[in-house]
Amino acid sequence: AIVGPMADCVHAIGHGLMASSESFDASIGVCEKITDPRLQYYCITGVFMQYDIDHGQQIAKEKKLYAPCDSISEKYQGACYVYKTFRMLMAYNDFGATLNECTSLAGFARMGCFHGLGRAYTGLIASDPAFLNVVCRYAPGRDEELSCIDGGIEAIAEIFPTTA
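What you are looking at is a predicted structure, and each value in this text was computed from that prediction instead of being measured.

Visitor: Describe the side chain of His115, and please don't skip the residues or the numbers.
Guide: Mapped onto the secondary structure, His115 falls in helix H6 (residues 107–120). Ignoring any residue separated from it by four or fewer positions in sequence, one finds His115 in contact with Val82, Ser147, Cys148, Asp150, Gly151 and Glu154.

Right, here's the structure in full:
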């Protein structure tokens, strides 16, 4: 993962695209024009984050925990699930149930869910870095654990740069 002004800029572009069009296909289509795959990913995460800001609470109330991640191309599911994990934690109010949900997924969706798990606990990890191990050690495999760690550290670097 890359963090910095360029990543922040293209992430903000993704927000703007989704806010102005309300169309995943159109928004993602513009993000796909970015040739650097890392920056393309940040743009697409902006699209999904904006969608979650606008619709996440309503979707959670309707008990559609995976929407829209479960109905989009697999290659975008990782970027989408990064923001669904927090909603799962809120809906279940149970770390173990959320962990089971992430474990039930496959491929990019699974990695995105574990990345989101680390990201969801950013505040606690920033105040006590040892908490990163508490959250991520329950991942069922090394790839999932590293994705969780990356999510926690990436968010701290973005939100609490002096702590990072």
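Visitor: If you had to explain unusual backbone geometry to someone new, which residues and values would you point to?
Guide: For residues that are not glycine, phi is negative in most cases, and the peptide bond is trans in most cases. With omega at 0°, the peptide bond leading from Ala67 into Pro68 counts as cis. Position of Pro68 among the secondary structure elements: in the loop between helix H3 (37–61) and helix H4 (74–92). Positive phi is not limited to glycine here, since Asn93 has a value of about 50°. Along the chain, Asn93 turns up in the loop between H4 and helix H5 (95–104).

Visitor: An account of H4 is requested, with residue identities and associated values reported.
Guide: Helix geometry: H4 is bent most strongly at Cys80, by close to 40°. Just downstream of H4 lies Asn93, where phi reads positive at about 50°.

Visitor: Give me the lowdown on the pattern of salt bridges, citing residues and values where you can.
Guide: As enumerated under the stated definition, the model contains seven salt bridges in all. Among the ionic pairs, Lys64 bridges to Glu62, the shortest N-O distance being 3.3 Å. Classification of Lys64 as partly exposed rests on a relative accessible area of 45%.

Visitor: So, the packing of helix H2 (residues 24–31) against H3: which residues are in play, and what are the values?
Guide: In the contact formed by H2 and H3, the axes pass within 9 Å of each other and the chain directions differ by 155°. Judged on the interaxial angle alone, H3 and H2 are roughly antiparallel. Crossing hand, H2 versus H3: right-handed. Of the residues in H3, those touching H2 at Phe24, Ser27, Ile28 and Cys31 are Gln40, Cys43, Ile44, Val47, Phe48 and Tyr51. Among the residues making up the contact of H2 with H3, the classes are represented as eight nonpolar, two polar and no charged.

Visitor: Describe the packing of aromatic side chains, naming the residues involved and giving the relevant values.
Guide: Evaluation of the coordinates by the stated rule reveals seven aromatic pairs. Taking 4.7 Å as the distance between ring centres and 45° as the angle between the ring planes, the aromatic pair formed by Phe24 and Tyr51 counts as tilted. Within this pair, whereas Phe24 is found in helix H2, its partner Tyr51 is found in helix H3, the two being separated by 27 residues in sequence. Residue Phe24 shares its accessibility class with Tyr51, and that shared class is buried. Centroid distance Phe95 to Tyr121: 6.0 Å. Interplanar angle 65°. Geometry classified as edge-to-face. Here Tyr121 lies in the loop between H6 and helix H7 (122–127) and Phe95 lies in helix H5, a separation of 26 residues in the sequence.

Visitor: Residues and numbers for the state of the cysteines, please.
Guide: Applying the stated criterion across every chain yields a total of four disulfides. Here Cys69 pairs with Cys80 through a disulfide, and the sulfurs are 2.0 Å apart. As the torsion about the S-S bond is roughly -80°, the Cys69-Cys80 disulfide counts as left-handed. With Cys69 in the loop between H3 and H4 and Cys80 in helix H4, the pair connects residues that are eleven residues apart, well separated along the chain. Like Cys80, Cys69 is buried. What pairs with Cys102 in a disulfide is Cys113, and their sulfur atoms sit 2.0 Å apart. Here Cys102 and Cys113 share a disulfide; its torsion about the S-S bond, -65°, makes the bridge left-handed. Separated by eleven residues along the polypeptide, Cys102 in helix H5 and Cys113 in helix H6 bring together distant segments of the chain. Neither residue differs from the other here; Cys102 and Cys113 are each classed as buried. Ordinal numbering of bonded cysteines along the chain defines a disulfide pattern of 1-2, 3-4, 5-6, 7-8.

Rules used in this analysis
- Residues numbered from 1 in each chain as written.
- Predicted model: local features only at pLDDT ≥ 70, side-chain atom pairs only at ≥ 80, totals over all residues.
- Heavy atoms only, no water.
- Helix = DSSP H or I, 4+ residues; strand = E, 2+ residues; numbered from the N terminus.
- Contact = heavy atoms within 4.5 Å.
- Bend = angle between axes of the 7 residues up to and from the residue.
- Salt bridge = Lys/Arg side-chain N within 4 Å of Asp/Glu carboxyl O.
- Buried < 20%, exposed > 50% of the residue type's maximum accessible area, 1.4 Å probe, protein only.
- Axes fitted to C-alpha atoms, helices over the stretch in contact; angles between N-to-C directions.
- Parallel < 35°, antiparallel > 145°, perpendicular 65-115°, else oblique.
- Left-handed = near helix turned anticlockwise from the far one by under 90°.
- Nonpolar A, V, L, I, M, F, W, Y, C, P; charged D, E, K, R; others polar.
- Phe/Tyr/Trp six-rings, centres within 6.5 Å; stacked < 30°, edge-to-face > 60°.
- Disulfide = S-S within 2.5 Å.

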